[in-house]
Amino acid sequence: MLSLEIDMQSNVPIYIQIANQIRHKIAANELKPGDQLPTVRQVAADLRVNFNTVARAYRRLDEAGVISTQLGRGTFILAPENEAQVESLRQKDLHSLTLQYLHDVQALGYHAEEVRPVVEGYFKKWQEDDKLPEME
């Protein structure tokens, strides 16, 4: 079962949230080549969003070569063509996660000069210990 969460308060369009979460699940090996995705109608019903919103997300992923929709059979995760495509997916996921975090802290009213030292502190700790502190 594909578990997606949509943030209706986010500045990120819903179709991009859907596409990014599917990319993330692929990069995290939660979805593997050959896995079948639920139908557009099923995802739309589960998320309570418009059918066209999900169709747009699937179309973007299809155009990027991440999934393949086969008429009458369904939609499947494609195997990456090469290591460059795998790395490209990983980098897109990294950028998506980073932007999502920055959008979230900005929406909470923080400014870049407040966020930078916190992020740099955790980054330094990560480099020194090769792991992040536990979340509280």
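We now turn to the structure provided with this report.

What counts as what
Numbering of residues starts from 1 in each chain and follows the order in which that chain's sequence is written. Since the coordinates come from a predicted model, pLDDT governs what is reported: local features require at least 70, and pairs of side-chain atoms require 80 or more to be given and counted, while whole-chain, interface and lining totals use all residues. As a rule here, side-chain values cover all heavy atoms of the structure and leave hydrogens and water aside. Two aromatic rings, drawn from Phe, Tyr or Trp (for Trp, its six-membered ring), form a pair once their centres lie within 6.5 Å of each other, and the interplanar angle then sorts them: stacked below 30 degrees, edge-to-face above 60, tilted otherwise. A run of H or I in DSSP becomes a helix once it reaches four residues, and a run of E becomes a strand once it reaches two; helices and strands are each numbered from the N terminus. Two conditions define a charge located above a ring, namely a distance within 6 Å from the ring centre to NZ of Lys or CZ of Arg, and an angle within 35 degrees of the ring normal. Orientation is described by lines fitted to C-alpha atoms, with helices fitted over the stretch in contact, and by angles between N-to-C directions that extend from 0 to 180 degrees. Any angle that is under 35 degrees is reported as roughly parallel, and any over 145 degrees as roughly antiparallel; angles of 65 to 115 degrees are reported as roughly perpendicular and all others as oblique. For any pair of crossing helices, the crossing counts as left-handed if the nearer helix is rotated counterclockwise from the farther one by less than a right angle, and right-handed if it is rotated clockwise. Only heavy atoms matter for contacts: two residues are in contact if any of them lie within 4.5 Å across the pair. Gly falls in the polar group here, along with every residue not listed as nonpolar (Ala, Val, Leu, Ile, Met, Phe, Trp, Tyr, Cys, Pro) or charged (Asp, Glu, Lys, Arg). Patch construction takes residues with relative accessible area above 30% that form no salt bridge. Like charges are linked within 9 Å, and nonpolar side chains (Val, Leu, Ile, Met, Phe, Trp, Tyr) are linked within 5 Å. All accessible-area figures derive from a Shrake-Rupley calculation using a 1.4 Å probe, and residue coverage is judged against the displayed protein chains alone. Salt bridges are defined as contacts in which a side-chain nitrogen from Lys or Arg sits within 4 Å of a carboxyl oxygen from Asp or Glu. Two residue types count as positive, namely Lys and Arg, and two as negative, namely Asp and Glu; His and chain ends fall outside the count. The atom standing in for a charge is NZ when the residue is Lys, CZ when it is Arg, CG when it is Asp and CD when it is Glu. Strand pairing requires that DSSP identify at least two bridges connecting the strands.

Another point: the packing of aromatic side chains. Considering all chains together, one arrives at one aromatic pair under this definition. Ring centres 6.0 Å apart and planes at 90 degrees place the aromatic pair Phe123 and Trp126 in the edge-to-face group. In this pair, Phe123 and Trp126 both sit in helix α5 (residues 112-129), three residues apart, roughly one turn of the helix. Cation over ring: Arg41 sits above Phe51, and NZ or CZ is 4.6 Å from the ring centre. The ring of Tyr15 is capped by Arg56, whose NZ or CZ atom sits 3.8 Å from the centre of that ring.

Below, the discussion takes up the packing of helix α2 (residues 40-47) against helix α3 (residues 51-63). At their nearest, the axes of α2 and α3 sit 8 Å apart, and the two run at 125 degrees to each other. Taken as axis vectors, α2 and α3 run oblique relative to one another. Between α2 and α3 lies a crossing whose hand is right-handed. Here α2 contributes Val40, Arg41, Val43 and Ala44 to the contact with α3, which in turn contributes Phe51, Val54, Ala55 and Tyr58. Each residue belonging to the contact of α2 with α3 can be placed in one class, and the counts come to seven nonpolar, no polar and one charged.

Turning our eyes to something else, we now look at a positive patch on the surface. Where like charges cluster on the molecular surface, the positive patch consists of Arg56, Arg59, Arg60 and Lys92. Top element by residues in the positive patch is α3. It accounts for three residues.

Now for the sheet that holds strand β1 (residues 36-37). What links the strands of a sheet is backbone hydrogen bonding, and the strands pair in either a parallel or an antiparallel sense. Pairing in this open sheet of three strands is antiparallel, and the strands run β1-β3-β2 from one edge to the other. Every other strand in the sheet has two partners, leaving β1 and β2 (67-70) as the edge strands with one partner each. The sheet contacts of α3 involve β1, β2 and β3 (74-77), and relative to β2 the element is tilted by about 110 degrees.

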